Amino acid sequence: MTPVDERALPAPDGSTGLDPDDWDSFRSLAHRVVDDLVDHLATRRDQPVWRPMPDDVRASFDSPLPRAAAGAAEAYAAVSERVVPYSMGNDHPRFWGWYMGAGNPVGNLADLVASVLNPNLGGADHAPVLVEQQVVRWCAEAAGYPTSASGLLVGGASEANMVGLAVARSARIGPSLRQVGLPRDRRFAVYASSEVHSCHRKSCELLGFGASALRTVPVRADFTLDVDAVAAAIAADRAAGIEPLAVVASAGTVNTGAVDDLEAVADLCEREHLWFHVDGAIGGFLALSGSGDAVRGIERADSVALDLHKWMQAPIDVGLVLVRHEPDHRQAFSVVPDYLAHAQRGIAAGEVWFSEYGLALSRGFRALRVWMAFTAYGADAFGAVMDRTTAQAHRLAGLVDDHPEVERLAPVGCDIVCLRYTAPGLDDAALDAVNHEVVIRVQESGVAIVTDTVLRGVVAVRVAIGNHRTRDDDLDLFLAELVRHGRDVVAGLTTSPASAPSAGGTATDRS
Ligand SMILES: *Cc1c(COP(=O)(O)O)cnc(C)c1O
């Protein structure tokens, strides 16, 4: 470990700025940070995925604003003691909660470089802007979308989805939208499946359509959008004087990973003259994998939302919106005041100003973590990660199907498996409580992180793999632990009803 002279690292008093008086001692601290982080990654598998925070750690974050300097070494010591061990755990091989990626070491290095350079990707003429332009083109190509598309890196798919719908709104209503707002005498509707991500509701609210404008249409048995039901909903809305605006197809739903029939939605949108938006937060890059056929039709979308920080393993946060026609995109957002006027030469030149394509003016250098990872690993490596975690999901599903105490609750979509622990004599309400408790016990054990959801009215344990670090035996271990905790919880129900999980009552008071 690199020795650090603690005394040499007081924060300066501000009279000479914020840089250290002595770069050599800063360098030794910086080396120690890097050494610690590499150790952290190299030994991550041997540590708990997640652990509850002790009270003193939790309380330590209530301290008031520090007005005096503690020094950089002290600040880092606090982070290594109180933050690193109690972080979320999604850098661990057995984290499969919600839907996340694990990050990657090349992306981690990129973030350090990006932070030091600290460029502003709002616009101007500098290499980082070209990096982002190239990342947008690379991602379009990786997703099987036209590389002529306009694109913008954003914080995640929630933002990317909202930008897509904002462009749809602007393209439909025209310049009066930006001048006077939504027309008072028109009401709009957006169609998606009942499994669509909650961010679309937020978008409809924030775009002024209201949450009720989001028509959530039933899904088929495989949890994909019933496109005939969308056609029927469109006809009903038209008859009622409501204007259908857009259909959102999911390339991988958040609950089960179901991929909607994109070709069928594209055909419908073409017939009905509607905006076709794809929420590809999970499966938007499937074209890189052996399952690329599942997303055929994505190239016909008017806009696509993608997440780089999920299956593509970029450090959080980075998502991407692609818009087929660049003028639609720019016309929805562009405002160029005098002080941002683009010049022909000098630093204020530059062909693309990203600030004209979204809300943010100052924008960080997220693009570098994607650029360096594509360059270092090659795009095919990400297709291989998708193939591997997909195979792991199907393998786990097979083990579940063969196990008498576990049942599967949905077809495997992308790399998500939904299942529950079962026991004879327990009804759905009792099993809901058991499975909710089992999920928490597994989490608190530190062995694995999974989360739960509700599918067709019952609690489902979701294993959303999405993690390039996972090995097959990690999933074997999880299944064994799930069954062990399931047995314990059910045994607790029958022997001591008073200590049973509370959410759904006990087996005895429901039978
Ligand atoms: C995660 C997710 C989102 C939201 O993306 P964020 O990056 O978390 O903002 C949207 N849609 C789907 C299908 C998702 O899985």
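Since the model is a prediction, treat every value here as computed from it, not as a measurement. (Residues numbered from 1 in each chain as written. Predicted model: local features only at pLDDT ≥ 70, side-chain atom pairs only at ≥ 80, totals over all residues. Heavy atoms only, no water.)

Observations concerning the overall build of the protein
Right, on to step 1. When helices and strands are counted, the protein shows 16 helices and eleven strands.
Right, on to step 2. Relative to the globule expectation of 24 Å for 511 residues, the C-alpha radius of gyration of the protein, 25 Å, shows essentially globular dimensions.
Right, on to step 3. Along the first, second and third principal axes, the C-alpha set of the protein runs to 75 × 70 × 45 Å.
Right, on to step 4. Residues counted as buried form 50% of the 511 residues belonging to the protein.
Right, on to step 5. In the protein, 74% of the contacts between residues at least 6 apart in sequence involve partners at least 24 apart. (Helix = DSSP H or I, 4+ residues; strand = E, 2+ residues; numbered from the N terminus. Rg over C-alpha atoms; globule rule 2.2 N^0.38 Å. Buried < 20%, exposed > 50% of the residue type's maximum accessible area, 1.4 Å probe, protein only. Contact = heavy atoms within 4.5 Å.)

Quick look at the site of the ligand
Right, on to step 1. The environment of the ligand is made up of 14 residues, and the closest members are Ser158, Asp279, Asp307, His309 and Lys310.
Right, on to step 2. Residue serine 158 places a side-chain N or O atom 2.6 Å away from an oxygen atom belonging to the ligand.
Right, on to step 3. A total of three residues in the shell around the ligand trace back to one element, the largest contributor, which is helix α6 (residues 157-173). (Near = heavy atom within 4 Å. Polar contact = N/O pair within 3.5 Å; in protein donor to acceptor, adjacent residues only side chain to side chain.)

Remarks on the sheet that holds strand β8 (residues 406-408)
Within a sheet, each strand pairs with its neighbour through backbone hydrogen bonds, oriented either parallel or antiparallel.
Right, on to step 1. Across the sheet, four strands lie side by side as β8-β9-β11-β10; this open sheet has antiparallel pairing. This sheet does not close on itself; its edge strands, each paired only once, are β8 and β10 (451-455). Between one strand axis and the next, the sheet turns through 45° on average, direction left out of account.
Right, on to step 2. Summarising the sheet, β10 and strand β11 (residues 458-464) pair through five bridges and their orientation is antiparallel. Of the residues in β11, the one forming a bridge with threonine 451 is arginine 462.
Right, on to step 3. Against the sheet, helix α14 (residues 428-445) touches β9 (416-421), β10 and β11, its axis set at about 30° to β11.
Right, on to step 4. Seen against the sheet, helix α15 (residues 472-495) touches β8, β9 and β11 and runs at an angle of roughly 25° to β9. (Pairing = 2+ DSSP bridges. Axes fitted to C-alpha atoms, helices over the stretch in contact; angles between N-to-C directions.)

Focus: the domain arrangement of the protein
Right, on to step 1. With domains assigned, the protein is organised as domain 1 (6-87) and domain 2 (381-499).
Right, on to step 2. Computed over C-alpha atoms, the centres of domain 1 and domain 2 are 36 Å apart.
Right, on to step 3. Facing five residues of domain 1, the contacting portion of domain 2 comprises nine residues.
Right, on to step 4. When domain 1 packs against domain 2, close to 580 Å² is buried across both sides, 55% of that on carbon and sulfur atoms.
Right, on to step 5. Linking domain 1 with domain 2 are one salt bridge, by the criterion used here.
Right, on to step 6. Here aspartate 474 ties to arginine 45 by a salt bridge, and the two come within 2.7 Å at their closest N and O atoms.
Right, on to step 7. For the side of domain 1 that touches domain 2, a count of residues per class yields four nonpolar, no polar and one charged. (Domains from an automatic or database assignment. Buried area = accessible area lost by both parts, 1.4 Å probe. Salt bridge = Lys/Arg side-chain N within 4 Å of Asp/Glu carboxyl O. Nonpolar A, V, L, I, M, F, W, Y, C, P; charged D, E, K, R; others polar.)

Looking at the pattern of salt bridges
Side chains bearing opposite charge may pair, as long as their charged atoms lie close to each other.
Right, on to step 1. Applying the stated criterion across every chain, the model contains 28 salt bridges.
Right, on to step 2. Among the ionic pairs, aspartate 307 bridges to lysine 310, the shortest N-O distance being 3.6 Å.
Right, on to step 3. The structure contains a network of salt bridges with shared partners spanning Glu263, Asp267, Glu270 and Arg300.

As for the packing of α6 against helix α8 (residues 199-206)
Right, on to step 1. Put simply, α6 and α8 touch, their axes get as near as 9 Å, and they point 45° apart. In terms of axis orientation, α6 runs oblique to α8. Every pair of crossing elements has a handedness; the one defined by α6 and α8 is right-handed. Note on element contacts: α8 touches α6 through Cys199, His200, Ser203, Cys204 and Leu206, opposite Ser158, Asn161, Met162 and Leu165.
Right, on to step 2. The class makeup of the residues in the contact of α6 with α8 is five nonpolar, four polar and no charged. (Parallel < 35°, antiparallel > 145°, perpendicular 65-115°, else oblique. Left-handed = near helix turned anticlockwise from the far one by under 90°.)

A word on the state of the cysteines
Right, on to step 1. Counted by the stated rule, this structure contains zero disulfides.
Right, on to step 2. Left without a disulfide partner, cysteine 414 is nearest to the cysteine sulfur of cysteine 418, which lies 12 Å away.
Right, on to step 3. Relative accessible area serves as the criterion here: at 1%, cysteine 418 is assigned to the buried category. (Disulfide = S-S within 2.5 Å.)

So, the nonpolar core
Right, on to step 1. Membership of the largest hydrophobic core comes to 100 residues, with the highest contact counts inside it found for Phe276, Phe285, Leu308 and Leu322.
Right, on to step 2. The greatest single-element share of this core, amounting to eight residues, is contributed by helix α5 (residues 127-143).
Right, on to step 3. Within the second largest apolar cluster, 32 residues are counted, among which are Leu396, Ala397, Leu419 and Leu475. (Core = buried A, V, L, I, M, F, W, Y, C linked by side-chain atoms within 4.5 Å.)

Some points on α8
Right, on to step 1. Looking at α8, one finds that the buried residues are Cys199, His200, Ser203 and Cys204. Each buried residue of α8 lies within a common arc of 140° when the element is viewed along its axis, so the set occupies one face. For α8, the exposed residues lying more than 90 degrees away from the buried face are Lys202 and Leu206.
Right, on to step 2. Close packing links the buried residues of α8 with α6, β2 (188-193), β3 (214-217), β4 (243-250) and β5 (275-280).
Right, on to step 3. Positive backbone phi, approximately 85°, marks glycine 208, located one or two places after α8. (Arc of directions from axis to C-beta.)

Points about the side chain of asparagine 435
Right, on to step 1. Tracing the chain through its elements places asparagine 435 in helix α14.
Right, on to step 2. Accessibility expressed as a relative area gives 0% for asparagine 435, which makes it buried.
Right, on to step 3. Excluding residues within four positions of it along the chain, asparagine 435 makes contact with Arg420, Tyr421, Val459 and Val461.

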